[in-house]
Amino acid sequence: MPNGYFITFEGLDGSGKTTQLRRLAAWLAASGRTVVSLRNPGSTPLGDRIRSILLDSRSESALGGITSLAEMALMFADRAQSIAEVISPALAAGSIVLCDRFTDSSEAYQGAGRQLGSQRILAMHAAVCNNLLPDLTILLLPPLEASLVRARRRNHRHAEKEGTDENRFERESDDFYTRIHGAYEHIAAREPHRIAIVANDDGDNSIDAIELRIRALVTGRLPHD
Ligand code: ADP
Ligand code: TYD
């Protein structure tokens, strides 16, 4: 059976994951590769419903508040479904799978942000995702402030245009995001072979410069035909 290649994008809200994922997908497709793109949460019928429960700030009052453990479990329910419906079949067919967020997000947001602890997240990952690991994780860690300003601006534009509300996480405190930023650094240090940081406090963090760094990284890692 042919083996695909699994790449995930990670970072804070507004760090540029979606922008870079789209650019990489277009570039790989233009070079003749079969690419399957998705996001967590979302990208399956069940996942889209879970996404709207998780991200809609109105869910908080409508559901009487989502507990941290319920939030974690919903993230993993979404992920299990996306693995079964999208990721595993695409990898088995030999495609390159690009996923906007995966289990590192749960470790950073629920494990550190909500303070549930890494061990609980890694145990869920083993139980629910059969420990499926990306071949490569592209981590975007520009300065915290820059990410948050961009995410808030984008969410307001989106809400005005689409009339949908994806703001629940946006209202979290600076401490919450500082813990997430630190967790990402910790995860990257723990797994340096899988995780590459392509934007940090130094250097040129323009969209084009980051795109070129990602292309070089992926070219060096992708199995050749
Ligand atoms: P994410 O998916 O990580 O939340 P997005 O790709 O949606 O981030 O980017 C958030 C906003 O910031 C978008 O309006 C995007 O155009 C802009 N943006 C993305 N990358 C950069 C960058 N390197 N420099 C400046 N603005 C950026
Ligand atoms: P996403 O739409 O990818 O956010 P953004 O484009 O702003 O980076 O993800 C939505 C939110 O869900 C984001 O705030 C991170 C959060 N999230 C978790 O808390 N845990 C998870 O496991 C995942 C996948 C996302």
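Residues numbered from 1 in each chain as written. Chains lettered and ligands numbered in written order. Predicted model: local features only at pLDDT ≥ 70, side-chain atom pairs only at ≥ 80, totals over all residues. Heavy atoms only, no water.

S.K.: Would you mind going over the site of ligand 2 in detail, with residue names and values included?
M.R.: Taken together, 15 residues are adjacent to ligand 2, and Asp13, Lys17, Arg51, Ser106 and Gln110 come closest. At 3.0 Å, a side-chain N or O of arginine 79 approaches an oxygen atom of ligand 2. In the complex, the protein chains occlude 95% of the 540 Å² of accessible area that ligand 2 would expose alone. Among the detected pockets, ligand 2 sits in the largest pocket. (Near = heavy atom within 4 Å. Polar contact = N/O pair within 3.5 Å; in protein donor to acceptor, adjacent residues only side chain to side chain. Areas by Shrake-Rupley, 256 points an atom, 1.4 Å probe, with all protein chains shown as cover. 1 Å grid on protein atoms, 1.4 Å probe; cavity = no way out; pocket = protein on both sides within 12 Å on 5 of 7 lines; lining within 4 Å. Sits in = over half its atoms within 2 Å of the grid points.)

S.K.: Residue-level account of the sheet that holds strand 1 (residues 5–11), with values.
M.R.: Pairing in this open sheet of five strands is parallel, and the strands run 2-3-1-4-5 from one edge to the other. The outermost strands of the open sheet, each flanked by one partner alone, are strand 2 (35–39) and strand 5 (195–199). Within the sheet, the average angular offset between the axes of one strand and its neighbour, ignoring direction, is 20°. Across the sheet, helix 1 (residues 17–30) lies against strand 1, strand 2, strand 3 (96–100) and strand 4 (136–140), angled at about 165° from strand 3, the strand it touches most. Along the sheet face, helix 4 (residues 68–92) touches strand 1, strand 2 and strand 3 and points at about 160° away from the line of strand 2. (Pairing = 2+ DSSP bridges. Helix = DSSP H or I, 4+ residues; strand = E, 2+ residues; numbered from the N terminus. Axes fitted to C-alpha atoms, helices over the stretch in contact; angles between N-to-C directions. Contact = heavy atoms within 4.5 Å.)

S.K.: How would you summarise the site of ligand 1 if you had to cite specific residues and measurements?
M.R.: Inspection of the region around ligand 1 gives 15 residues, with Gly14, Lys17, Thr18, Thr19 and Arg154 positioned closest. Between an oxygen atom of ligand 1 and a side-chain N or O atom of arginine 150, the distance comes to 3.4 Å. Relative to its free-state accessible area of 560 Å², ligand 1 is covered by the protein chains to the extent of 78%. The cavity where ligand 1 resides is the largest pocket. Among the elements of the structure, helix 1, helix 7 (144–162) and helix 9 (207–221) are those that each provide at least two residues to the shell around ligand 1. Grouping the constituent residues of the shell around ligand 1 by class yields three nonpolar, seven polar and five charged. (Nonpolar A, V, L, I, M, F, W, Y, C, P; charged D, E, K, R; others polar.)

S.K.: Explain the packing of aromatic side chains to me, using residue names and the numbers behind them.
M.R.: Following the criterion strictly, the structure yields three aromatic pairs and no others. Where phenylalanine 6 meets phenylalanine 102, the ring centres are 5.1 Å apart and the plane angle is 85°; that geometry is what we call edge-to-face. Taken together, the positions of phenylalanine 6 in strand 1 and phenylalanine 102 in the loop between strand 3 and helix 5 (103–113) put the pair 96 residues apart, joining distant regions of the chain. In this structure phenylalanine 6 comes out as buried when scored by relative accessible area, which is 1%. An aromatic cluster of three or more residues is present, and its members are Tyr109, Phe176 and Tyr177. Looking at arginine 79, its charged tip hangs above the ring of phenylalanine 102, at a distance of 5.5 Å from the centre. (Phe/Tyr/Trp six-rings, centres within 6.5 Å; stacked < 30°, edge-to-face > 60°. Buried < 20%, exposed > 50% of the residue type's maximum accessible area, 1.4 Å probe, protein only. Lys NZ or Arg CZ within 6 Å of the ring centre and 35° of its normal.)

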